[in-house]
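Close look at the chain arrangement
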Amino acid sequence: MESPELQLKQMKRDDIIDQLIVEEVRRQSEGLEMIPSENHTSQNVLDALGSRLTDKYSEGYPGMRYYGGCEVVDKVENIARDRAKKLFGCDHANVQPYSGSPGNMAAYYALVDPGDTVMGLHLFFGGHMTHGLKVNFSGTYYRSVQYKTGQDGYLDYDAIQQMATEEKPRLLVAGATAYPRIYDWKRLREIADSVGAWFLADTSHITGLIVGGEHPSPIGIADVVMTTTHKTLRGPRGAILLCNGNPSTPLKKVERTKENLPTLLDRAIIPGLQGGPHNHQTAAIAVALREASQPEFKIYARQIVKNAKKLAEKLLKKDYNLVTGGTDNHLLLIDLTNKGVIGAEAETALGKAGITVNKNAVPFDPRSPFSPSGIRLGTPALTTRGMKEREMEQIAEWIDQAISNHSNDKKLAQIKAEVKELSSKFPLPSNQKNG
Ligand SMILES: *Cc1c(COP(=O)(O)O)cnc(C)c1O
């Protein structure tokens, strides 16, 4: 009999999927990934993610599992939790949410009851679906009211206060997917306090900038912070819930107090919403958290912002209409109305030129959300590849050329060749095995 290991090795590989992985890696390395929620993880993160830890069931938490054989994954999860607590500076971290949307669902489950009023930024103004969109769980199981930005694209804190006073939400959610500016966490806390609401900060997009010291942290201000781990933080897909409070609550029903937040969040994840944690993902999160705590990560975070500001500066000179007039973080939101193209046309043209962006609604967009007026683009992935201001100047040039020549396929193919040439000088971080 052959050993089980050998049998596994001899199994015919799945050529179809293997080939598609190769194709996707080629697409990523030959082009420019400018979707601001994307990044390129390190080889160490990929190795943890592709490990045998995925085989293990471990419902529960370290030391309190419903399965045997958890002694190793207990250590992995404890390391991930400890690194998160240290990096973010808080009492408690839950690293089990499968992704950002389940992470937000768990925060809602912990803090409010069905039918309660929740208040978040509207999707069309940069909020996430899970912040109260009517067709999402957050707008279906809860009474959601949604705030907008001002005409200038900035959060209008006076208007948020006014809506809170009128609607009396039990939960205020802040955070966005397409907001290029810094948040006033303290002001949002005051607004939540003025109506006795919980305050959930969803920092998914900007967490790498927070831990890199480029953006103020809501830790200690918001009651709960939810972040995805795969955006500027540069980890695997996943999410973390963070809070202060006393994690060692006895096994009985707990009141909804700040002190009990760790227990409330843990119980919202399991038994509330999830089963077994994804241990391979937990390990990869632990690896990413270690990377994010290194001095080099601060340099990385700073460069993300510098690159975005350089892109903004160049595009403004070419008469692009940037929402809020620029950026403080990793992304740009561009209203293309004055350029005579819609978001989808620009997305397609840039795609043909090897530059991946996404169409996006702009504040008070007169067009439908399925065919909005703008595009959203960002610098986290390019910065991971080592690109700096010099490359941003060139990229701004290409973006302008592609948008100006959006129906000229020959020109777009020519840009694509130039993009490929530049890209080849900035390989993906994982080019040994996967590139
Ligand atoms: C990306 C994101 C999420 C959701 O994350 P998924 O992992 O895609 O479910 C939630 N909130 C914000 C603000 C995000 O940017």
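Residues numbered from 1 in each chain as written. Predicted model: local features only at pLDDT ≥ 70, side-chain atom pairs only at ≥ 80, totals over all residues. Heavy atoms only, no water.

1. Brief notes about the nonpolar core
Ranked by internal contacts, the top residues of the largest apolar core, which has 47 residues, are F88, I160, W185, F199, I240 and L242. In terms of residue count, helix α12 (residues 295-317) provides more of this core than any other element does, 5 residues in total. Two domains share this core, each providing at least three of its residues, namely domain 1 (52-292) and domain 2 (299-423). The contacts of I240, once residues within four sequence positions are left out, are A84, F88, A93, N94, V95, V225, M226, T227, T229, I285 and L289. (Core = buried A, V, L, I, M, F, W, Y, C linked by side-chain atoms within 4.5 Å. Buried < 20%, exposed > 50% of the residue type's maximum accessible area, 1.4 Å probe, protein only. Helix = DSSP H or I, 4+ residues; strand = E, 2+ residues; numbered from the N terminus. Domains from an automatic or database assignment. Contact = heavy atoms within 4.5 Å.)

2. Describing the sheet that holds strand β6 (residues 143-147)
Strand order in this open sheet of 7 strands is β4-β10-β9-β8-β7-β5-β6, and the pairing throughout is mixed. Every other strand in the sheet has two partners, leaving β4 (92-94) and β6 as the edge strands with one partner each. The sheet shows a mean angle of 20° between the axes of neighbouring strands, direction not considered. Bridge count between strand β5 (residues 117-121) and β6: 5 bridges; the pairing is parallel. Of the residues in β6, the one forming a bridge with L121 is Y147. (Pairing = 2+ DSSP bridges. Axes fitted to C-alpha atoms, helices over the stretch in contact; angles between N-to-C directions.)

3. Some words on the site of the ligand
Every one of the 13 residues lining the ligand counts as a neighbour, but S99, G100, S101, D202 and K231 are closest to it. Within the contact set of the ligand, an oxygen atom lies 2.7 Å away from a side-chain nitrogen or oxygen of K231. Across the complex, the protein chains shield 86% of the 380 Å² of accessible surface that the ligand would expose by itself. For the shell around the ligand, the per-class residue count stands at 1 nonpolar, 10 polar and 2 charged. (Near = heavy atom within 4 Å. Polar contact = N/O pair within 3.5 Å; in protein donor to acceptor, adjacent residues only side chain to side chain. Areas by Shrake-Rupley, 256 points an atom, 1.4 Å probe, with all protein chains shown as cover. Nonpolar A, V, L, I, M, F, W, Y, C, P; charged D, E, K, R; others polar.)

4. Some words on a nonpolar patch on the surface
Residues I16, I17, L20 and I21 make up a contiguous nonpolar surface patch of about 390 Å² in total accessible area. By the secondary structure assignment, I21 is in helix α2 (residues 15-30). Residue I21 is classed as partly exposed on the basis of its relative accessible area of 44%. (Patch = residues over 30% accessible without salt bridge, like charges linked within 9 Å, V, L, I, M, F, W, Y side chains within 5 Å. Salt bridge = Lys/Arg side-chain N within 4 Å of Asp/Glu carboxyl O.)

5. Some thoughts on α12
Because an α-helix packs 3.6 residues into every turn, residues spaced three or four apart end up facing the same way. With 23 residues, α12 extends 34 Å from end C-alpha to end C-alpha; this agrees with the ideal 33 Å at 1.5 Å per step. When we look at burial in α12, the residues that qualify are F297, Y300, A301, Q303, I304, V305, N307, A308, K310, L311, A312 and L315. (Expected span 1.5 Å × (residues − 1).)

6. Considerations on the domain arrangement of the protein chain
Interface size is commonly expressed as the accessible area that is lost once the parts come together. The assigned domain composition of the protein chain is domain 1 (52-292) and domain 2 (299-423). Once you take the C-alpha centre of each, domain 1 and domain 2 turn out to be 30 Å apart. Every contact between the two is made by 23 residues of domain 1 and, on the other side, 24 residues of domain 2. At the boundary of domain 1 with domain 2, total buried surface from both sides reaches about 2100 Å², with 61% on carbon and sulfur atoms. When the buried area of domain 1 at its contact with domain 2 is split by residue, P180, R181 and E214 rank highest and sum to 29% of it. Taken together, the links from domain 1 to domain 2 amount to 2 salt bridges. (Buried area = accessible area lost by both parts, 1.4 Å probe.)

7. Notes on the pairing of strand β8 (residues 198-202)
Along a regular strand, successive side chains alternate from one face of the sheet to the other. With 5 of its 5 residues buried, β8 lies for the most part within the structure. Residues W198, L200 and D202 line one face of β8 and the alternating positions F199 and A201 line the opposite face, and both faces are buried. Here strand β7 (residues 171-174) pairs with β8 via 4 bridges, running parallel. Bridge pairing links V173 to L200 in β8. What joins β7 to β8 is helix α8 (residues 185-194), and the crossover it makes is right-handed. (Right-handed = clockwise from strand over helix to strand, strands pointing away.)

8. Regarding the sheet that holds strand β12 (residues 331-335)
Either a parallel or an antiparallel arrangement is found when strands of a sheet pair, and the pairing is made through backbone hydrogen bonds. Taken in spatial order, the 4 strands make up an open sheet running β11-β12-β15-β14, and their pairing is antiparallel. Unpaired on one side and paired on the other, β11 (321-322) and β14 (358-360) mark the two borders of the sheet. Strand direction decides the pairing type here: β11 and β12, joined by 2 bridges, are antiparallel. Bridge pairing in β12 places N321 opposite D335. Packed onto the sheet, helix α13 (residues 343-352) meets β14 and β15 (374-378) and runs at close to 45° relative to β15.

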